[in-house]
Amino acid sequence: MDRYARWNALLELLAESGRVTVEDAADKLEVSQATIRRDFDQLGQQQMITRTRGGAVANGVSYDLPLRYKSAKHSAEKQRIGEAAANLVVPGTVVGLNGGTTMTEVARALAVRPDLNTSGEGAQLTVVTNALNIANELLVRSRMKIVVAGGVVRPQSFELVGPLGGALLKEVTLDIVLLGVDALDVELGAAAHHEGEAAMNSLMVARAKRVVVIADSSKLGGHAFARICPISMVETLVTDSGAPPELLDGFRDAGVQVVCA
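All of these numbers come straight from a predicted model, not from anything done at the bench.

Q: Sorry if this is basic, but what is going on with the overall build of the protein here?
A: In terms of helices and strands, the protein carries nine helices and 15 strands. For 261 residues, the compact-globule formula gives about 18 Å, and the C-alpha radius of gyration of the protein, at 19 Å, lands near that figure. Among the 261 residues that make up the protein, the fraction classed as buried is 49%. Restricting to contacts in the protein with at least 6 residues of sequence separation, those with at least 24 account for 67%. Working note: accessible area of the protein is about 11900 Å², and carbon and sulfur atoms make up 50% of it. Taking the 26 positively charged and 30 negatively charged side chains of the protein as two groups, their mean positions are separated by 6 Å.

Q: Would you mind going over the environment of Asp41 with me for this structure?
A: Position of Asp41 among the secondary structure elements: in helix 3 (residues 33–45). Judged by relative accessible area, Asp41 falls into the partly exposed class, the value being 38%. For the pair Asp41 and Arg51, spaced 10 residues apart in sequence, the C-alpha separation works out to 7.0 Å.

Q: Can you help me understand helix 4 (residues 75–86) in this one?
A: Owing to its 3.6 residues per turn, the α-helix brings residues three or four apart onto one side. With 12 residues, helix 4 should cover 16 Å at 1.5 Å per step; its first-to-last C-alpha distance of 16 Å lies within 8% of that length. Those residues of helix 4 not exposed but buried are Lys78, Ile81, Gly82, Ala84, Ala85 and Ala86. Contact partners of the buried residues in helix 4: helix 5 (101–111), strand 9 (176–180), strand 12 (211–214), strand 14 (236–239) and strand 15 (257–260).

Q: Hey, could you run me through the sheet that holds strand 2 (residues 49–52) in this one?
A: Sheets are built from strands that pair by backbone hydrogen bonding, the pairs being arranged parallel or antiparallel. Strand order across the open sheet formed by three strands is 1-3-2, with antiparallel pairing between neighbours. Of all strands in the sheet, those bounded by a partner on one side alone are strand 1 (19–21) and strand 2. Taking each pair of neighbouring strands and ignoring which way they run, the sheet shows an average axis angle of 20°. Here strand 2 runs beside strand 3 (residues 55–58); their pairing, made up of four bridges, is antiparallel. Each bridged residue has a counterpart across the sheet, and for Thr50 the counterpart in strand 3 is Val57. The sheet strands contacting helix 3 are strand 1, strand 2 and strand 3, and the helix crosses strand 2 at an angle near 130°.

Q: Before we go on, may I ask you to explain unusual backbone geometry in this structure?
A: Peptide bonds are trans in most cases, and residues, glycine excluded, mostly fall at negative phi. Backbone geometry at Glu30 places phi at a positive 55°, although glycine is not the residue there. Its place among the elements puts Glu30 in the loop between helix 2 (22–29) and helix 3. Here Phe158, not a glycine, exhibits a phi torsion of approximately 65°, which is positive. Along the polypeptide, Phe158 turns up in the loop between strand 7 (152–154) and strand 8 (159–161).

Q: Can you walk me through the environment of Asn117 in this structure?
A: With respect to the helices and strands, Asn117 occurs in the loop between helix 5 and strand 5 (126–129). For Asn117, a relative accessible area of 12% gives the class buried. Note: C-alpha distance between Asn117 and Lys145 (28 residues apart in sequence) is 9.4 Å. Excluding residues that lie within four positions of it along the chain, Asn117 makes contacts with Leu110, Ala111, Ser142, Arg143 and Met144.

Q: I tried to follow the environment of Val212 on my own but got confused; where do I start?
A: Within the secondary structure, Val212 sits in strand 12. Separated by 203 residues in the primary sequence, Val212 and Ala9 have C-alpha atoms spaced 30 Å apart. Residues contacting Val212, with those up to four places away along its chain left out, are Leu88, Ile176, Val177, Leu178, Leu179, Thr236 and Val238.

Q: Is there a simple way to explain the sheet that holds strand 9 in this structure?
A: Taken together, the seven strands give an open sheet; going across it, the order is 6-5-4-9-12-14-15, and neighbouring strands pair in parallel fashion. Single-partner strands in this sheet number two, and they are strand 6 (145–148) and strand 15. If you compare each strand with its neighbour and ignore which way they point, the axes differ by 20° on average. With four bridges connecting them, strand 5 and strand 6 associate as parallel partners. Residue pairing across strands places Val127 opposite Ile146, the latter belonging to strand 6. Along the sheet, helix 5 makes contact with strand 4 (94–97), strand 9 and strand 12, crossing strand 9 at roughly 140°.

Thresholds applied
Here the residue numbering is sequential within each chain, running from 1 through the sequence in written order. For this predicted model, a pLDDT threshold of at least 70 governs which residues receive local features, and a threshold of 80 or more governs which side-chain atom pairs are given and counted, while totals over whole chains, interfaces and linings are taken from all residues. Excluded from the side-chain calculations are hydrogens and water; all other atoms, namely the structure's heavy atoms, are used. Labels follow the DSSP assignment, with helices taken as runs of H or I lasting at least four residues and strands as runs of E lasting at least two, numbered in each case from the N terminus. Throughout, the radius of gyration refers to the C-alpha atoms, and the reference size of a globule is 2.2 Å times the residue count to the power 0.38. For every residue, the accessible area obtained with a 1.4 Å probe (protein chains only) is divided by the maximum for its type, and the residue is called buried under 20%, exposed over 50%, and partly exposed between those limits. Contacts are residue-level and defined by heavy atoms, with any inter-residue pair within 4.5 Å sufficient. Accessibility throughout is a Shrake-Rupley quantity obtained with a 1.4 Å probe, and a residue counts as covered only by protein chains that appear here. Here Asp and Glu are counted as negative and Lys and Arg as positive; His is not counted, and neither are the chain ends. Here the site of a charge means atom NZ of a Lys, CZ of an Arg, CG of an Asp or CD of a Glu. The span expected for a helix works out to 1.5 Å for each residue beyond the first. Strand pairing requires that DSSP identify at least two bridges connecting the strands. Axis lines are fitted to C-alpha atoms, over the contacting stretch for helices. Their N-to-C directions set the angle, which ranges from 0 to 180 degrees.

Dropping the structure here:
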C-alpha cells in the first residue's frame, strides 16, 4: 500500500469512528506503528486531522477528502466505468464533464478513442468542463476542443464554482453531460457534498439533451448535502457490477437505463 492509499484508508477510518489510536490503525492497515505515527504527523501538518496523544481525531474535512487522496478507492471499478461511459459519446458532439476521480477515468478513456480525436471538419469532439484536472487530462492527451467554465477553484475537487462559470454554462447547449455524483437515489435524485458544485452540475444538466450519471456502486442509494437534479432528469446510469440487483431494479423502474461495467 503506497502512502496516498494508506492516508486515504486512515482518513476513512477517522471518518467512520471519529477517533483512532496508532495501535489500532497499525493493526488494520498491517503496517508498523512507526509508519502510522509518521502518517498522523504529516496529515496533522496538513490540517487533515487533529493529532492526539497516542492517536488522532477527525476534522470535518475527512468527510469530503481532497481529490488526490481519493484516487486509490474503487480504482478498478472506476476504470471500467470510465470506459463504458466514454463509449456512449458520439464523434462531433458537445459533451459536458464535471470533476471527480471517476470522471478522471472517463476523460482518460475519451482521450484514447481515436475516432474522437480526428481533426476532420465536423468530427472534432467539444468538451465543456468546470474541472481543471479534467481539462488538463484532455489537453495533454487529445486534440479535442476544450471549453473551461470560469469561477473560483475548489481545492478539494479542482472544480470551478460560482456565478462566473454559471454565466458561460447558461449560453451553451450540450448534446450529452457525463455527470459524476457523490450520491444517487431513486427518491432523492443526484446530489453532491458541496452546494457550489451541485449548482454548477445542475446548470450542466439543464443545458444537456441527454444526462448520464457516472457512479460506482458505493454511491448508489446514498444521500449528499445538495441536490443536483431529480431522478426524472437522468436518462442513463453507468455503474459497476458490484451494485445490488434490487437497487438497480429500482432505477430501472424509475425509467433510468442502467449500464453495468
